[in-house]
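Per-entry structural report
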Amino acid sequence: MQNATALLLADRFPLQARDVIYVDTAAVTRWNRVINQILPTTNAINTFTN
């Protein structure tokens, strides 16, 4: 929830057995995943050039 009103409304949302709830990752987490995929490649290139 991104604001207090949405949090209060979500508390009143009824859930049933076997309901599926999807929670998207935060933007900073997606950015971290991209960086973690790029860094090994740049480190390998840097090692081979030295």
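Above this text is the structure in question.
Below, the structure is looked at part by part. (Residues numbered from 1 in each chain as written. Predicted model: local features only at pLDDT ≥ 70, side-chain atom pairs only at ≥ 80, totals over all residues. Heavy atoms only, no water.)

Attention now goes to unusual backbone geometry. In terms of backbone geometry, most residues other than glycine have negative phi values and most peptide bonds are trans. Its identity as a non-glycine residue notwithstanding, Arg18 has a phi of 70°, on the positive side. Its place among the elements puts Arg18 in the loop between α1 (4-11) and α2 (27-49). Residue Arg18 is classed as exposed on the basis of its relative accessible area, which comes to 82%. (Helix = DSSP H or I, 4+ residues; strand = E, 2+ residues; numbered from the N terminus. Buried < 20%, exposed > 50% of the residue type's maximum accessible area, 1.4 Å probe, protein only.)

Attention now goes to a nonpolar patch on the surface. A surface patch of nonpolar side chains, amounting to about 470 Å² of accessible area, comprises Phe13, Leu15, Ile21 and Val23. In this fold, Leu15 is placed in the loop between α1 and α2. (Patch = residues over 30% accessible without salt bridge, like charges linked within 9 Å, V, L, I, M, F, W, Y side chains within 5 Å. Areas by Shrake-Rupley, 256 points an atom, 1.4 Å probe, with all protein chains shown as cover. Salt bridge = Lys/Arg side-chain N within 4 Å of Asp/Glu carboxyl O.)

One can find Thr29 in helix α2. For the pair Thr29 and Thr41, spaced 12 residues apart in sequence, the C-alpha separation works out to 20 Å.

On inspection of all chains with the given rule, the structure shows 1 salt bridge. The closest approach of N and O atoms between Arg30 and Asp24, which form a salt bridge, is 3.4 Å. A residue is classified by how much of its surface remains accessible, and Arg30, at 38% relative accessible area, is partly exposed.

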